[in-house]
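Coordinates in review
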Amino acid sequence: MHIVVCVKQVPDTKIIKINPKTNTLDRRSAPAILNPYDAHAVQEAARIKSRTGGTVTVLSMGPPQAVAVIKKSVEIGADRGYLISDRAFAGADTLATSYALSKALEKIEQESPVDLVICGKHAIDGDTGQVGPGIARRIDIPPITNVIEVSKINSDEKKIVVKRKQLNGYELIESQIPCLLTVEKEINDIGYSPMPNMIKAARYEPVIWSVADLGEVDRAQLGLKGSPTIVGKMFSPPRPEGGKKIEGEPTEQIKELMKLLEEKIDLFCFKA
Amino acid sequence: MEENRGIWVFIEVTDGKVEGVSLELLGAGRKLADKLEVPLAGVLLGHDVRKISAKVIEYGADIVYMADHAVLELYRTEAFMKAVVAMAEKYKPEIFLYGATPNGKDLASAVATDLSTGLTADTTMLDVDPEKRLLEASRPAFGGNIMATILCKKHRPQMATVRPKVMKALEPDASRKGEVIEEEIHLEESEMRTKVLQIVKETTKTANLAEAHVIVAGGKGMGDKNGFMLIHELAKTIGATVGGTRDVVEAGWLPHDQQIGQTGETVTPKIYFAIGISGAIQHVVGMKNSELIIAINKDPDAPIFDVATYGLVGDAFEIVPQLIEKFKELIKEKGGEISYV
Ligand SMILES: Cc1cc2nc3c(=O)[nH]c(=O)nc-3n(C[C@H](O)[C@H](O)[C@H](O)COP(=O)(O)OP(=O)(O)OC[C@H]3O[C@@H](n4cnc5c(N)ncnc54)[C@H](O)[C@@H]3O)c2cc1C
C-alpha cells in the first residue's frame, strides 16, 4: 500500500484567546502546528501500513517553514514527505489548493502508484473541509468524508470498508481502492511517538518542490489567480441591542424575572 | 456568466424526510430570489422522492428539479455529484446553496471542483447585491470577532454551504404553486465505486442538545467542576439539557459534545440560560437564535447581556439556588411536573 496524507500547517486556534470585551485576537499566543485532524490522518496511515505494509508519504503546501509539519508527520509515523512551496501558490482558496495538491499527487503517483489518500476532516484555521473532496475529484477517485473508522482493508481485492460519521450515527461504506478519506479526530488516539521516529524526524529533510518541479501545470489555476473566491469585506457581526437588564438584590431580581416569565409561561411545558 | 440565472437549493433527504436546513435555505433563498427577481428552485435527488416535491414548493420553491433513480437511493458523492453537475450545466443557476451537513459539504465540494467555481463554507449570513448580482456569503473568520464576506465575482454558480439553524424557514403554504421538472439522469450501478453497506442510527447527546426545548448553559464563571453542579441542578429541576462554553469543556467540566458555539453545536431552544458566560462571539453564534435568553453574570458589561432577553446582574451562586427554589414552587403549583416530550 502506498498511502499519501495531505497535511497543513496552521496557527493553533486552541491557544489563541479572545478578549471578550474588545473582541480582539490575542496573537502573541499562536504557535504554528500540524493541523490536529491531519495528525490523526497521518496516524491512521501509519496504522494501516502496520497491517498491510507499504509506504506513507506526506504532502503539504505552504511556506518553507511548513517543513516543520512534515517532520512532525515523520515523528508520528510517515516515511517521507514533500512540501510544495512557491510564491505562485500564495493566496490560494480551496479550489486552487486542491489543484496544486493534485498536481503534486500526480507527480508522486508517477514515482509510485498511490492506493489511498487521507486528509484531515478540515483545517482548523479555515474550517472548510473542501480541499479533500476537491483533490479526489481532480484525480478522479471517490472521496469518503468524515471517516471515524477504517474497518477493513484488502489490498489484493482493492477494497476498503469504512465508517462515515453522519448527523445521527454513522454509515458503513465500501469503496474501491484507490480512494480518498477525510478523517475525524475519533478515528484514533495519538500517543507519544516512538523513539526511533523522533530520531528519524529530527534528521529528516523533506523534499521541496517549486511549481517548475511539478511538470505541466496551468499557472492560471494556481494561487490568488486561480481562486474564484475573494474576501470582500470584514466586519463586526451586528450586535443585538439586548433586552431588559435586571439589577438589584437577588431576591428582588428573581421576583421580577418570575413575573416576566409568567407572561411566557407556555414556553415551559407543564404536565398536570 | 450572463446567462446564469436563478437560485438553487440542494434538498437533502434522509429517510424520506427533508432535512431542516434545506427548508431553512428555501426560506433564505426565497428572499434572495425576490431581490434578484428570479425563480427559486429546489434540487431534489433520490429514489421515490416525487411526493417530497410538493413540500419543497410549500416551503418557497418555484421550481423543483428532480432526479428519481435507484442509484440515488442513498447519498453517495459520485452519484449525486454527477446528477447535480449535469443539471447545473444544463440550467445554469447563478447561486447554489447547500446545508453545511456532512452530505451537503461533501457534495458542494465535489460539485464546485467540477464546475470550477467558488464555494464558501459554513456561511451564517446571506445577502445579494442586486446590481452586480453578487452573492454576499458571510462567515465567522478565523479567530476574532470578525465576519468575512466572501464573494465569487467571475465564476458561476456562486456556491455556499450554510450552517443549520441560522436561517429561518417560511411557514409552509399548501396553496403555493410550482413546477416540477424531472430530469433523466444516466447512472449505472456498475459504474459506482462506492456502496453504502449499512446505516446505523445512534442517538447521541449532541442530538439531545440540538433538539432541546430548554438549555441551561454554564461558563467559567461557575468557578470549578463543583460549582458547575449548580448548572446541572437547575437543569434537572426544569427538565433542561446542559450545555457549556469551550472554556468549560477544555477545563473538563463537560464532554466536548455539550459545547455550544462556533466549534461546537448550534442550538435554538425555546429558552436558553447563560450562567457565568461572558458571551464571546464564538459562543454567541451558537445560541443567539434561541427564542428567550436569560443571562446571569456578575459583570454588568459582559457582552452576553447584548443578546439576552432578560439579564440578571449578580452572583450566580446567590441567584441560581433561589431560582431553583422558585421553579420548584412554580412546578408544584402547575401540577407537579415539567416535561417536553
Ligand atoms: C477559533 C475559536 C473557536 C472558539 N469556539 C468556541 C465555541 O464553540 N464555544 C465557546 O463557548 N467558545 C469558543 N471559543 C472561546 C471563546 O472565545 C471564549 O473564550 C469562551 O466562550 C469563554 O468562555 P466562558 O464564557 O465560559 O469564560 P469567560 O470568558 O472566562 O467568562 C466567564 C464569565 O463568568 C462571569 N462570572 C464569574 N464569576 C461569576 C459568578 N460568581 N456569577 C456570575 N457570573 C460570574 C464573568 O463575569 C465572565 O463574564 C472559541 C475561540 C476561538 C479562538
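Since this is a predicted model, take the numbers as computed values, not measurements. (Residues numbered from 1 in each chain as written. Chains lettered and ligands numbered in written order. Predicted model: local features only at pLDDT ≥ 70, side-chain atom pairs only at ≥ 80, totals over all residues. Heavy atoms only, no water.)

Topic: the interface of chain B and chain A
Our working rule: The contact criterion used is simple: two residues touch if any of their non-hydrogen atoms lie within 4.5 Å. Accessible-area loss on putting two parts together, using a 1.4 Å probe and summing over both, is the definition of buried area adopted here. Salt bridge criterion: a side-chain nitrogen from Lys or Arg within 4 Å of a carboxyl oxygen from Asp or Glu. Two N or O atoms count as a polar contact when they lie within 3.5 Å, although within protein this holds only if one can serve as hydrogen donor and the other as acceptor, and sequence-adjacent residues are included solely when both atoms are side-chain atoms. Helix and strand assignments follow DSSP, with helices taken as H or I runs no shorter than four residues and strands as E runs no shorter than two, numbered in order from the N terminus. Charged means Asp, Glu, Lys or Arg here, nonpolar means Ala, Val, Leu, Ile, Met, Phe, Trp, Tyr, Cys or Pro, and polar covers whatever is left, Gly included. Strands qualify as paired when DSSP identifies two bridges or more between them.
Taken residue by residue, the interface counts 94 residues in chain B and 79 residues in chain A. In this assembly, chain B packs against chain A so that about 7800 Å² is buried in total across both faces, 60% of it on carbon and sulfur atoms. Where chain B touches chain A, the interface holds 3 salt bridges. Asp-140 of chain A is paired through a salt bridge with Arg-193 of chain B; the nearest N and O atoms lie 3.0 Å apart. Here chain B and chain A share 25 residue pairs in polar contact (both at pLDDT 80 or more) between them. Examining the composition of the side of chain B that touches chain A, we find that 9 residues originate from one element, helix 4 (residues 102-115) of chain B, more than from any other. Partitioning the side of chain B that touches chain A into residue classes produces 42 nonpolar, 28 polar and 24 charged. Relative to strand 10 (residues 147-152) of chain B, strand 14 (residues 229-235) of chain A is paired through 5 bridges, and the arrangement is antiparallel. Paired with Phe-235 of chain A across the bridge in strand 10 of chain B is Met-147 of chain B.

Section: unusual backbone geometry
Excluding glycine, a negative phi dihedral is what most residues carry, and trans is how most peptide bonds are arranged. For clarity, the threshold we go by: Three exposure classes are used, based on accessible area relative to the maximum for each residue type with a 1.4 Å probe and protein chains only: buried under 20%, partly exposed in between, and exposed over 50%.
Of note, the amide linkage connecting Ile-177 of chain A to Pro-178 of chain A takes the cis form, showing an omega dihedral of 0°. Mapping Pro-178 of chain A onto the fold places it in the loop between strand 11 (169-176) and strand 12 (179-183). Note the cis peptide between Arg-156 of chain B and Pro-157 of chain B, where omega equals -5°. Within the element layout of this structure, Pro-157 of chain B appears in the loop between strand 10 and strand 11 (158-162). A positive phi angle, near 55°, is found at Asn-146 of chain A, a position not held by glycine. Tracing the chain through its elements places Asn-146 of chain A in strand 9 (residues 143-154). Judged by relative accessible area, which is 11%, Asn-146 of chain A ranks as buried. Positive phi is not limited to glycine here, since Asp-48 of chain B has a value of about 60°.

Points about the site of the ligand
The test is simple: One heavy atom within 4 Å of a molecule or strand is enough for the residue carrying it to be called near that molecule or strand.
What surrounds the ligand is a group of 28 residues, the closest being Lys-220, Thr-245, Thr-263, Ser-278 and Asn-297 of chain B. More than one chain reaches the ligand: the nearby residues come from chains A and B. Contacts to the ligand include Thr-263 of chain B, whose side-chain N or O atom sits 2.7 Å from a nitrogen atom. Between the ligand and Asn-297 of chain B there is a distance of 2.7 Å, counted from an oxygen atom to a side-chain nitrogen or oxygen.

Remarks on the domain arrangement of chain B
Residues and elements named next belong to chain B. Note the cut-off: Boundaries between domains were set according to an automatic or database domain assignment.
If you check the domain split of chain B, you get domain 1 (7-191) and domain 2 (209-333). Taking only C-alpha atoms into account, the centre of domain 1 sits 34 Å from that of domain 2. Contacts between domain 1 and domain 2 engage 8 residues on the former and 9 residues on the latter. Summing both partners gives a buried area of about 800 Å² for domain 1 against domain 2, and 39% of it is carried by carbon and sulfur. It is Pro-140, Arg-163 and Lys-165 in domain 1 that bury the most area against domain 2; as a group they hold 59% of the surface buried on that side. For the interface between domain 1 and domain 2, the tally reads 0 salt bridges. Where domain 1 meets domain 2, there are 4 residue pairs in polar contact (both at pLDDT 80 or more). Residue composition of the side of domain 1 that touches domain 2, by class: 3 nonpolar, 3 polar and 2 charged.

Brief notes about empty space enclosed by the protein
Let me state the cut-off plainly: Put plainly, a pocket is an open set of points on a 1 Å grid over the protein atoms alone with protein on both sides within 12 Å along at least five of seven lines, a cavity is a set where a 1.4 Å probe fits but cannot get out, and a lining residue has an atom within 4 Å of a point. Grid points are joined across faces, edges and corners, and a volume is the space filled by probe spheres set on the points.
Scanning the entire structure with this criterion turns up 4 cavities of 30 Å³ or more. Roughly 90 Å³ of volume is contained in the largest cavity. Along the wall of the largest cavity there are 14 residues; nearest its centre are Pro-143 and Ile-173 of chain A together with Tyr-75, Arg-76 and Thr-77 of chain B. Elements with a contribution of two residues or more to the lining of the largest cavity: strand 9 and strand 11 of chain A together with helix 3 (77-91) and strand 13 (194-201) of chain B. Here the lining of the largest cavity takes 3 residues from strand 9 of chain A, the largest share from any one element. In terms of lining residues, the second largest cavity is bounded by Thr-94, Leu-95, Ser-98, Gln-130 and Gly-134 of chain A together with Ser-109, Ala-112, Thr-113, Thr-117, Gly-118 and Leu-119 of chain B.

With respect to the side chain of Arg-133 of chain B
Residue placement: Arg-133 of chain B occurs in the loop between strand 8 (125-129) and strand 9 (134-140). Beyond its immediate chain neighbours, meaning those up to four positions away, Arg-133 of chain B contacts Arg-5, Leu-36, Val-38, Glu-94, Arg-156 and Gln-158 of chain B.

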